[in-house]
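What the coordinates show
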Amino acid sequence: MSNQQWDTLYLNANLATIPSDDDLGIINNAALAIKDGKIAWLGARQALPAAPTTLANECVDCAQQWITPGLIDCHTHLVYAGNRSREFAMRLAGQSYAEIAKAGGGILSTVQATRQASLEALYQQSAQRLQTCLQCGVTTIEIKSGYGLDLDTEMKMLRVAQMLEQNFPVRIQKTLLAAHTLPPEFSQVEAYIEHICQQILPQLYAQGLVDAVDAFCEKIAFSTQQLEPLFARAKQLGLPVKLHAEQLSNQHGAQMAARYQALSVDHLEYIDAAGVQAIAAAGTVAVLLPGAFYYLQETQKPPVELLRQYKVPIAIATDCNPGSSPITALPWVMNMACILFGLTIEQAWAAVTLHAAKALGLEQCIGSLSVGKLAEFAFWEISHPAEVIYQLGTFAKPANADLTKVKFD
Ligand code: NIG
Ligand code: FE
């Protein structure tokens, strides 16, 4: 047994530590030490207290690669069956997302495909998508249910999410989105919400399949009033809530979510000043989903300036789903957030690390390179972190690939 103070020491690295959304926190020619899976030390290599080999059991030459916090995709519907390319063509021909949904397409068509898919088929299709997320440097991802809308299929979806976490090097936060739309078996919204509260939520929670509860608050889905009992039930179980809010219209979902100290409210194209004030006061993160904005060819942008004025942390996510955002590449969405919503490079990086961690309630453990946080990184062969956003198709290096373990004096 060696008695060096650190397990691993990365040397000759460039770090983007992401301390805030104004500053990438760059440290060139840096060293980064890990002990028991956590960051134990980081700084300029010259500031190391002694010769590297006397400090760590293993020294790794990063050959000037960049290390960033692992990316966090804090809003996805990654587990689903089939695809909706036909609806994509319909939208290109002029039909709206809401029209297609009302005509029985949209979410319900994916519900049908997901109910019919076996657990294995659902796993295979989802695993393929997850692999592409991981190539983009993602180390934590949130996955929602919501294409089952019955106990068995919601369970199947969340079990697939659980199996993915067991089989891939990634943390998966599982969110129950049974309140995505009204399933065909129910004609009464209140009766379905009651069924979620009494059956689906408590049973899946008891099986360890639910980390948070989400809902779709919209004219074509549920009103705040209809969702109150669900959020009350979630809170009773000690579960955090989040909400798809003000995507296509202003339903004042943000205010309702803020009353339940929601972790995040997501989409927000139509949020108004009262909504922004409410989430600012509640410490709720604004999750922007530029992929859905882009695919649906929306014109109303989320009020980024207002959110910043009220110091609301802004996260961005892929919203990976078969209808409004069939995207797995988080850096592409960073690019869209900059070009379509006017985020800066610094804001876009913080939006997929620091603030995305807070949107999942994990800000104590992940989201930046700082001492005490978990050693979950993305490695990049770039000359500046802006390149990840600038050049579509920039992939992260597989963890530790091409990094040579050498002896340093
Ligand atoms: O976040 N808004 C609701 N849910 C998804 C879309 C789901 C779908 O169209 O299948 C979203 O955009
Ligand atoms: Fe979504």
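Our structure is the block above this text.
Predicted, not measured: the structure shown is a model, and the values here were computed from it.

1. Notes on the packing of aromatic side chains
- Counting across every chain of the model gives 11 aromatic pairs.
- Between Tyr80 and Tyr147, the aromatic rings sit 6.3 Å apart at their centres with planes inclined by 75°, giving edge-to-face as the arrangement. Residue Tyr80 is found in the loop between strand 6 (71-73) and helix 2 (85-92), and its partner Tyr147 is found in the loop between strand 7 (138-144) and helix 6 (151-167); the two are separated by 67 residues along the sequence.
- The class for Tyr147 is buried, based on a relative accessible area of 2%.
- Between Trp349 and Trp380, the ring centres sit 6.1 Å apart and the planes meet at 90°, which makes this aromatic pair edge-to-face. Here Trp349, found in helix 14 (residues 345-351), pairs with Trp380, found in strand 14 (residues 377-380); they are 31 residues apart in sequence, far enough to count as distant.
- Ring-pair connections join several aromatic residues into one group, and the members of that group are Tyr10, Phe377 and Phe379.
- When the ring centre of Tyr80 is taken as reference, the NZ or CZ atom of Arg129 above it lies at 3.5 Å.

2. Quick notes on the packing of helix 6 against helix 7 (residues 189-206)
- Running from amino to carboxyl end, helix 6 crosses helix 7 at an angle of 30°, the nearest separation of the two axes being 10 Å. By the angle between their axes, helix 6 is roughly parallel relative to helix 7. In this structure, helix 6 crosses over helix 7, and the sense of that crossing is right-handed. Here helix 6 contributes Leu151, Glu154, Met155 and Leu158 to the contact with helix 7, which in turn contributes Gln199, Ile200, Gln203 and Leu204.

3. Examining the environment of Trp380
- We classify Trp380 as buried; its relative accessible area is 0%.
- Once the C-alpha coordinates of Trp380 and Ala396 are considered, the two residues, 16 residues apart in sequence, prove to be 5.0 Å apart.
- For Trp380, the contacting residues outside a window of four places in its chain are Gln65, Trp66, Thr68, Leu71, Cys136, Trp349, Val388, Thr394, Phe395, Ala396 and Lys397.

4. Looking at the pairing of strand 3 (residues 38-44)
- In the sheet, strand 2 (residues 26-35) pairs with strand 3 via 6 bridges, with the strands oriented antiparallel. Counterpart to Ala33 in the pairing with strand 3 is Trp41.
- Between the antiparallel neighbours strand 2 and strand 3 lie 2 residues, among them Asp36 with a positive phi of about 50°.

5. Focus on the environment of Leu230
- Along the polypeptide, Leu230 turns up in helix 8 (residues 224-236).
- Judged by its relative accessible area of 1%, Leu230 falls in the buried class.
- Between the C-alpha atoms of Leu230 and Glu194, which are 36 residues apart in sequence, the distance is 7.8 Å.
- Aside from chain neighbours lying at most four places away, what touches Leu230 is Ala179, Ile193, Ile196, Cys197, Leu201, Val213, Asp214 and Ala215.

6. Topic: helix 7
- Taking 1.5 Å of rise per residue, 18 residues should cover 26 Å, and helix 7 covers 24 Å from first to last C-alpha, within 8% of that figure.
- For helix 7, the principal kink sits at Ile196 and spans about 40°.
- Tucked into the core, helix 7 has its buried residues touching helix 6, strand 8 (171-179), strand 9 (212-215) and helix 8.
- The positive-phi residue at the C-terminal boundary of helix 7 is Gly208, with phi of around 70°.

Thresholds, definitions, all that
Residues numbered from 1 in each chain as written. Chains lettered and ligands numbered in written order. Predicted model: local features only at pLDDT ≥ 70, side-chain atom pairs only at ≥ 80, totals over all residues. Heavy atoms only, no water. Phe/Tyr/Trp six-rings, centres within 6.5 Å; stacked < 30°, edge-to-face > 60°. Helix = DSSP H or I, 4+ residues; strand = E, 2+ residues; numbered from the N terminus. Buried < 20%, exposed > 50% of the residue type's maximum accessible area, 1.4 Å probe, protein only. Lys NZ or Arg CZ within 6 Å of the ring centre and 35° of its normal. Axes fitted to C-alpha atoms, helices over the stretch in contact; angles between N-to-C directions. Parallel < 35°, antiparallel > 145°, perpendicular 65-115°, else oblique. Left-handed = near helix turned anticlockwise from the far one by under 90°. Contact = heavy atoms within 4.5 Å. Pairing = 2+ DSSP bridges. Expected span 1.5 Å × (residues − 1). Bend = angle between axes of the 7 residues up to and from the residue.

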